[in-house]
Amino acid sequence: EKSLAFCLQRANDFIRKNNISGEVIVSDNGSTDSSKEIARSNLVILVDAVVKGYGAAIMTGIKNAKGKFIIFADADDSYHFDEIMPILEDLRQGSDLVVGNRFQGGIEKNAMPWLHRYIGTPLQSAIGNIMFGISLGDFNCGLRGVTKQCYEELDMHTTGMEFISEMIVKAALRKKKITEKPVKLYRDK
């Protein structure tokens, strides 16, 4: 509720300023605050994710997307949707999955817990890279772009936070073209 309007404004401005034929979708996962009203007032597509969980919300949003390219992130303003052009450009140039890298893009003070920043994410990324023969510096970044075709081929199932890892693992196993772009992580609202 506190950040949704900022996120939607940034996303709509990005589409307008770059003359993109696109849509903004809010996948609501049972909000009890005024998030739905905020979404409606910002003229976006609002869909209800009936199944609870992070992955379920993303899957519901993507299922309702009409575009060739999907770019998604949380609506807590920790990522700025007006800074996503590098991700879109990679998709346009043939990447199947583009993962943001917060370590390369910059992390604002107090934007990521110490344990995640210095142990959890680096360790998970290292293990994932070794196990699946890829080279990503930030396995857990929530700002991503994927082609609709690639997403459909991945046959995603996990409804919680493990969705993020499942996407990378399945893309790697299917030999999809995975690239990484620096993204800034802002302290959420």
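What you are looking at is a predicted structure, and each value in this text was computed from that prediction instead of being measured.

(A) Up close: the side chain of threonine 147. As for its position among the elements, threonine 147 is in strand β5 (residues 144-147). Those residues within four positions of threonine 147 in sequence are excluded, and the remaining contacts are Lys68, Phe69, Leu91, Ser95 and Asp96.

(B) How the structure looks around the packing of aromatic side chains. A complete count under the given rule lists 2 aromatic pairs for this structure. Where phenylalanine 72 meets phenylalanine 163, the ring centres are 6.3 Å apart and the plane angle is 65°; that geometry is what we call edge-to-face. Placement of phenylalanine 72 in strand β3 (residues 69-72) and of phenylalanine 163 in helix α8 (residues 163-173) is noted, with a sequence separation of 91 residues between them. Between tryptophan 114 and tyrosine 118, the aromatic rings sit 5.5 Å apart at their centres with planes inclined by 40°, giving tilted as the arrangement. Residue tryptophan 114 and its partner tyrosine 118 are both found in helix α6 (residues 114-132); the two are separated by 4 residues, about one turn of the helix. Judged by its relative accessible area of 56%, tryptophan 114 is exposed. Positioned above the aromatic ring of tyrosine 186, the side-chain terminus of lysine 184 is 5.5 Å from the ring centre.

(C) Layout of the pattern of salt bridges. Considering all chains together, one arrives at 10 salt bridges under this definition. With its nearest N and O atoms 2.1 Å apart, the salt bridge here joins lysine 176 to glutamate 153. In this pair, lysine 176 sits in the loop between α8 and β6 (178-182) while glutamate 153 sits in helix α7 (residues 148-154), placing the two residues 23 residues apart along the sequence. On the basis of relative accessibility, which here comes to 33%, the residue glutamate 153 falls in the partly exposed class. Where glutamate 166 meets lysine 170, a salt bridge forms, and the shortest distance between an N and an O atom there is 2.7 Å. Separated by 4 residues within a single helix, glutamate 166 and lysine 170 lie in helix α8, roughly one turn from each other.

(D) Representation of the nonpolar core. Core analysis: the biggest nonpolar cluster contains 51 residues, and Phe72, Phe163 and Met167 have the highest contact counts within it. Where this core is concerned, the elements lending two or more residues are α1 (4-17), α2 (35-41), α3 (54-63), β3, α4 (85-92), β4 (97-101), α7 and α8. Not counting chain neighbours up to four residues away, the residues in contact with phenylalanine 72 comprise Tyr54, Ile58, Ile62, Gly142, Leu143, Arg144, Val146, Phe163, Ile164 and Met167.

Cut-offs and rules
- Every chain is numbered on its own, with residues counted from 1 as its sequence reads.
- In keeping with the predicted nature of the model, local features appear solely for residues at pLDDT of at least 70, side-chain atom pairs appear and are counted solely at 80 or more, and the whole-chain, interface and lining totals rest on all residues.
- In computing side-chain properties, one takes all heavy atoms of the structure into account and sets aside hydrogens as well as water.
- Where helices and strands are cited, they refer to DSSP runs of H or I of at least four residues and of E of at least two residues respectively, numbered from the N terminus.
- Throughout, a residue-residue contact means that at least one pair of heavy atoms, one from each residue, lies within 4.5 Å.
- Stacked, tilted and edge-to-face are the three classes applied to pairs of Phe, Tyr and Trp rings, where Trp contributes its six-membered ring and a pair requires centres within 6.5 Å; stacked means planes under 30 degrees apart, edge-to-face means over 60, and tilted covers the rest.
- The buried label applies to any residue whose accessible area, calculated with a 1.4 Å probe on protein chains only, is under 20% of its type's maximum; exposed applies above 50%, and partly exposed to all values in between.
- Should the NZ of a Lys or the CZ of an Arg lie within 6 Å of a ring centre and within 35 degrees of the ring normal, that charge is described as sitting over the ring.
- By salt bridge we mean one thing: a side-chain nitrogen of Lys or Arg within 4 Å of a carboxyl oxygen of Asp or Glu.
- As used here, the term nonpolar core means buried Ala, Val, Leu, Ile, Met, Phe, Trp, Tyr and Cys residues forming a set that is joined through side-chain atoms within 4.5 Å.

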